[in-house]
Amino acid sequence: MNHLSSTLVLCDLDHLLLGADGNLTQVVRDVLQLFVRRGGRFTVFSQRTPRAVRSILGSVRLSAPALVCGGAMAYHFSDGTRQPLCTFAGQDADLFARLPVAEGVGIALQMTDGTTRVLRMSEALERHLRQEWTPYLLANAADIKGEEVLRVLLYQDSKSVPLISLAEKAIGDRVALLGERIAPDTLVLTPKRISGREMLDTVCTMAQVGAEQVLALAGGQPMLELVQAVEHSAVAADAPAELRLAAGQVTLTDAAGGAAVEVLYRMVRAAEKSV
């Protein structure tokens with residue numbers, strides 16, 4: 001794995017590359033630019049939409065499709081090509097109108113066109129949009145088409161808001177949706193579970209690389225199945241225990257201390273020595 005051009009690094013944007021302000025730190029930018037200049041191939045995994053990822057990355061260019069919206073879509077920033085891995089196509093036409101309408105609950109939709117549509121604002125949702133650099137559009141549930149929606153995100157302003165029970169009561173048993181907590185105040189609803197293998201195969205097909213050429217670099221639990229699916233992986237020293245057990249290597253530094261920088265710089269030095 002010393003030849004940079006033959007390896008595609010799929011890196012956890014949310015947990016490994018961002019500083020406290022939600023932006024790339026300067027040292028991360030410098031090392032990423034160095035890695036790419038030396039021939040390294042790099043892309044990211046993120047819970048964010050393509051527009052949010054693009055605003056965060058700025059001048060950093062990705063050399064392969066990114067897995068965005070928690071892996072619900074592979075998106076190639078070079079030409080805008082995209083591959084949704086699941087949508088709400090075929091669901092009840094009034095599903096989005098039946099989402100919970102309650103004080104302290106915000107509702108956002110991540111769309112196949114890369115945008116975020118807000119059906120109902122809340123304090124928690126507004127805070128996430130600001131912290132995650134996410135542009136958004138206000139929308140009416142009646143205007144939403146299921147085939148254009150990747151994920152539904154519900155936000156609760158207070159721990160006392162019974163978000164899961166509210167969602168179950170509002171949606172009813174006519175629709176089978178999967179719910180997953182991606183933050184203490186955020187619940188994601190999807191029509192199906194997307195496996196790590198499915199995510200990996202989609203990126204490999206679009207990038208025209210073999211699965212054996214991918215190095216998964218992770219810091220958070222959402223990348224667990226990707227780490228399990230690849231042959232080569234590295235995780236931060238403070239990653240969840242299950243993630244560390246599944247990884248091929250564990251960094252010396254934790255996520256905030258520069259785990260991604262450690263791995264990428266090590267790869268650059270190894271490539272220099274092999275010349």
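Residues numbered from 1 in each chain as written. Predicted model: local features only at pLDDT ≥ 70, side-chain atom pairs only at ≥ 80, totals over all residues. Heavy atoms only, no water.

Enquirer: Give me helix α6 (residues 196-207): which residues, what numbers.
Expert: If you check α6, its first and last C-alpha atoms are 16 Å apart, about what 12 residues at 1.5 Å a residue would give, namely 16 Å. Listed in full, the buried residues belonging to α6 are Gly-196, Met-199, Leu-200, Thr-202, Val-203, Cys-204 and Ala-207. Immediately downstream of α6, the backbone of Gln-208 shows phi near 60°, a positive value. (Helix = DSSP H or I, 4+ residues; strand = E, 2+ residues; numbered from the N terminus. Expected span 1.5 Å × (residues − 1). Buried < 20%, exposed > 50% of the residue type's maximum accessible area, 1.4 Å probe, protein only.)

Enquirer: Could you give an account of the nonpolar core, with specific residues and numbers?
Expert: Soluble globular proteins: nonpolar side chains tend toward being buried together. By size, the foremost hydrophobic cluster in this structure holds 69 residues, and its most contacted members are Val-9, Leu-13, Leu-17, Leu-24 and Phe-42. Top element by residues in this core is helix α9 (residues 259-274). It accounts for eight residues. Leu-17 has contacts with Cys-11, Asp-12, Asn-23, Leu-24, Thr-25, Val-28, Phe-42, Val-44 and Ala-260, leaving out every residue within four places of it along the chain. (Core = buried A, V, L, I, M, F, W, Y, C linked by side-chain atoms within 4.5 Å. Contact = heavy atoms within 4.5 Å.)

Enquirer: Go over the packing of helix α2 (residues 26-37) against α9, please, and point to the residues and values.
Expert: Contact geometry for α2 and α9: axes closest at 10 Å, N-to-C directions at 30°. Taken together, the axes of α2 and α9 are roughly parallel relative to one another. Regarding α2 and α9, the two cross each other, and that crossing is left-handed. Of α9, the residues touching α2 (which contributes Val-27, Val-28, Val-31, Leu-32, Leu-34 and Phe-35) are Val-261, Leu-264, Tyr-265, Met-267 and Val-268. Grouping the amino acids of the contact of α2 with α9 by side-chain chemistry returns 11 nonpolar, no polar and no charged. (Axes fitted to C-alpha atoms, helices over the stretch in contact; angles between N-to-C directions. Parallel < 35°, antiparallel > 145°, perpendicular 65-115°, else oblique. Left-handed = near helix turned anticlockwise from the far one by under 90°. Nonpolar A, V, L, I, M, F, W, Y, C, P; charged D, E, K, R; others polar.)

Enquirer: Describe the side chain of Arg-151, with residues and values.
Expert: By the element assignment, Arg-151 lies in strand β9 (residues 149-156). It is Glu-180 that comes nearest to the buried, bridge-free Arg-151 among opposite-charge side chains, at 5.7 Å. In terms of polar contacts, Arg-151 uses its side chain to reach the side chain of Gln-47, at 2.9 Å. Of note is the side chain of Arg-151, whose polar atom sits 3.0 Å from the backbone oxygen of Cys-69. (Lys, Arg positive; Asp, Glu negative; His and termini not counted. Salt bridge = Lys/Arg side-chain N within 4 Å of Asp/Glu carboxyl O. Polar contact = N/O pair within 3.5 Å; in protein donor to acceptor, adjacent residues only side chain to side chain.)

Enquirer: Quick one: what's the story with the environment of Asp-79, residue by residue and with numbers?
Expert: Along the chain, Asp-79 falls in the loop between β4 (73-75) and β5 (82-84). A distance of 2.8 Å separates a polar atom in the side chain of Asp-79 from a polar atom in the side chain of Thr-81.

Enquirer: Can you tell me about unusual backbone geometry, naming the residues and giving the values?
Expert: Phi at Trp-133 is positive, roughly 55°, even though this residue is not glycine. Of note, Trp-133 is situated in the loop between α4 (123-131) and β8 (137-138). In this structure, Gln-208 takes a positive phi of about 60° despite not being glycine. Mapped onto the fold, Gln-208 is located in the loop between α6 and β12 (214-218). Accessibility expressed as a relative area gives 72% for Gln-208, which makes it exposed.

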